[in-house]
Amino acid sequence: MDRAVTLPDGTKVPAIGQGTWFLGERRNRWEQEKETLLTGIEHGMTLIDTAEMYGDGKAEELVGAAIRGLDRSSLFLVSKVYPHNAGRKNIFRSCTDSLKRMGTDYLDMYLLHWRGGIPLEETVECMEQLKKEGKIRRWGVSNFDTEDMEELFLVAGGENCAVNQVLYHAASRGIEYDLLPWMNMHGVPVMAYCPLAQGGDLKRGLYENRVLTSIAQSHNATVSQILLAFAIRSGQVIAIPRTATPAHAAENSSAMNLVLTEEELTQIDREYPAPTRKVGLDIV
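Residues numbered from 1 in each chain as written. Predicted model: local features only at pLDDT ≥ 70, side-chain atom pairs only at ≥ 80, totals over all residues. Heavy atoms only, no water.

The name recorded for the protein in an unreviewed UniProt entry is NADP-dependent oxidoreductase domain-containing protein, from Hungatella hathewayi WAL-18680.

Structure (structure tokens):
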């Protein structure tokens, strides 16, 4: 495996995986998007993230079509449950439906997409039950800030949370103030969505920034690859860029082992400073 991140149970996953937001929604792009996911897998991005929300299940169907016939044990499949489905009434059906759409009998990771009205205690109990039933190997959360994580860890079984998926990129570094340090202290990796700044507090001109462009040229790389290398630099963050073209999937995977120098990181800090105070999570 290329550069990897270690989960709390010791499992290693690729530092760069594949997102699927907006994929699978247009049938005329179905074959290309399938090929994109397969290209990513061939290049070591075997972690694929999706959700029941994405295209009302169409992204999960696309993933299922792409992985059909592949060695399931070589893949790390992640999906997410809607907050309103994350309780005893609906979560077991939601999980089963996701498994059917993806053509698999288990998920490697199942995430609560964001906090809703169902108590965390109930969601955690249900997640642990899904583990016992073998439908999921581990569970985590998404869009949880520091206070949310603290509350989660006070719930019985809450410490079994294996990941927190949040928006993070060079121009949106709010999690570095307290959330990322908290996660690191508790040994729970962050999964970064929109690591290529497709959403959130994106500063205009990021891809034309002279510093990022110069650093990219020095590595014979693209700005996208530099952004990915920045996101995974600590070894405790998994980036899940989304693309719809095979060429970009191959390009993303090439950033897996691109290491930025201390001077380059300092230059990026000057352009896009780390936060000096608490800021709310960027969410899209």
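Picking up where we left off.
**Remarks on the UniProt feature "site: Lowers pKa of active site Tyr" (unreviewed entry) in the protein**
Taken from the UniProt record, the annotation "site: Lowers pKa of active site Tyr" (unreviewed entry) applies to K80. With respect to the secondary-structure elements, K80 resides in strand 4 (residues 76-81). Among all residues touching K80, those that are not within four sequence positions of it are D49, T50, A51, E52, Y54, Y110, L111, H113, S142 and Q165. (UniProt positions renumbered as here; feature names shortened; annotations may be inferred. Helix = DSSP H or I, 4+ residues; strand = E, 2+ residues; numbered from the N terminus. Contact = heavy atoms within 4.5 Å.)

**Some words on the nonpolar core**
The biggest cluster of nonpolar side chains holds 92 residues, and the ones touching the most others in it are Y110, M149, L152, I226 and L260. Broken down by element, this core gets its largest block of residues, seven residues, from helix 8 (residues 223-231). What M149 contacts, discounting residues up to four positions off in sequence, is V141, F144, C161, N164, L179, W182 and M183. (Core = buried A, V, L, I, M, F, W, Y, C linked by side-chain atoms within 4.5 Å. Buried < 20%, exposed > 50% of the residue type's maximum accessible area, 1.4 Å probe, protein only.)

**Description of the sheet that holds strand 5 (residues 109-112)**
Strand pairs in the sheet, formed through backbone hydrogen bonds, run parallel or antiparallel to each other. Strand order in the open sheet formed by seven strands is 3-4-5-6-7-8-9, with parallel pairing between adjacent strands. Both outer strands of the open sheet, strand 3 (47-49) and strand 9 (237-239), are each paired with one neighbouring strand and no more. Each strand axis lies, on average, 25° off the axis of its neighbour in the sheet, ignoring direction. With four bridges joining them, strand 4 and strand 5 adopt parallel strand pairing. Paired with K80 across the strands is L111, a residue of strand 5. The strands touched by helix 3 (residues 91-102) within the sheet are strand 4 and strand 5, with strand 4 carrying the most contacts at an inclination of about 140°. (Pairing = 2+ DSSP bridges. Axes fitted to C-alpha atoms, helices over the stretch in contact; angles between N-to-C directions.)

**Things to note about the packing of helix 7 (residues 210-218) against helix 8**
Look at helix 7 against helix 8: their axes get within 8 Å of each other, and the N-to-C directions meet at 95°. Relative to helix 8, the element helix 7 is oriented roughly perpendicular. Along its contact with helix 7, which presents L212, T213, I215 and A216, the element helix 8 presents V223, I226 and L227. Partitioned by chemical class, the residues of the contact of helix 7 with helix 8 number six nonpolar, one polar and no charged. (Parallel < 35°, antiparallel > 145°, perpendicular 65-115°, else oblique. Nonpolar A, V, L, I, M, F, W, Y, C, P; charged D, E, K, R; others polar.)

**Overview of the side chain of E128**
Positionally, E128 belongs in helix 4 (residues 120-132). In this structure the side chain of E128 is engaged in a polar contact, spanning 2.8 Å, whose partner is the side chain of W139. Setting aside anything within four residues of it in sequence, one finds E128 in contact with W139, G157 and N160. (Polar contact = N/O pair within 3.5 Å; in protein donor to acceptor, adjacent residues only side chain to side chain.)

**Considerations on the environment of D108**
Looking at where D108 falls in the secondary structure, it is placed in the loop between helix 3 and strand 5. Expressed as a C-alpha distance, the spacing of D108 and S79, which sit 29 residues apart in the sequence, is 8.6 Å. Aside from chain neighbours lying at most four places away, what touches D108 is R72, L75, F76, L77, R137 and R138. For D108, the side chain forms a polar contact with the side chain of R72, separated by 2.9 Å. One polar contact links the side chain of D108 to the main-chain amide nitrogen of L77, over a distance of 2.7 Å.

**With respect to the pattern of salt bridges**
Within the structure shown, the criterion is met by 19 salt bridges. Salt-bridge contacts for D9 lead to R138; the nearest nitrogen and oxygen are separated by 2.9 Å. Of the two residues, D9 is situated in the loop between strand 1 (4-6) and strand 2 (12-14) and R138 in the loop between helix 4 and strand 6 (139-142); the sequence distance between them amounts to 129 residues. Residue D9 is classed as partly exposed on the basis of its relative accessible area, which comes to 49%. A salt bridge links D178 to K278; the nearest nitrogen and oxygen atoms lie 3.0 Å apart. Of this pair, D178 sits in the loop between strand 7 (164-167) and helix 6 (179-185) while K278 sits in the segment after helix 10 (262-271), and the two are 100 residues apart along the sequence. The class of D178 is partly exposed, set by a relative accessible area of 23%. When its relative accessible area of 35% is taken as the criterion, K278 is described as partly exposed. A cluster of three or more residues bridged by salt bridges with shared partners is formed by R173, E176, R233 and D269. (Salt bridge = Lys/Arg side-chain N within 4 Å of Asp/Glu carboxyl O.)

**Let's talk about helix 4**
End to end, helix 4 covers 18 Å across 13 residues, agreeing with the expected 18 Å (1.5 Å per residue, within 8%). Of all the residues in helix 4, the buried ones are L120, E122, T123, V124, C126, M127, E128 and L130. Taken together, the buried residues of helix 4 touch strand 4, helix 3, strand 5, strand 6 and helix 5 (146-154). With its phi angle positive at about 80°, G134 sits one or two positions after the end of helix 4. (Expected span 1.5 Å × (residues − 1).)

**Thoughts on the packing of helix 2 (residues 58-67) against helix 3**
Running from N to C, helix 2 and helix 3 cross one another at 40°; their axes reach a closest spacing of 7 Å. Here helix 2 is positioned oblique relative to helix 3, judged by the angle of their axes. Note on element contacts: helix 3 touches helix 2 through S98, R101 and M102, opposite E60, E61, V63, G64 and I67. The residue makeup of the contact of helix 2 with helix 3, split by class, is three nonpolar, two polar and three charged.

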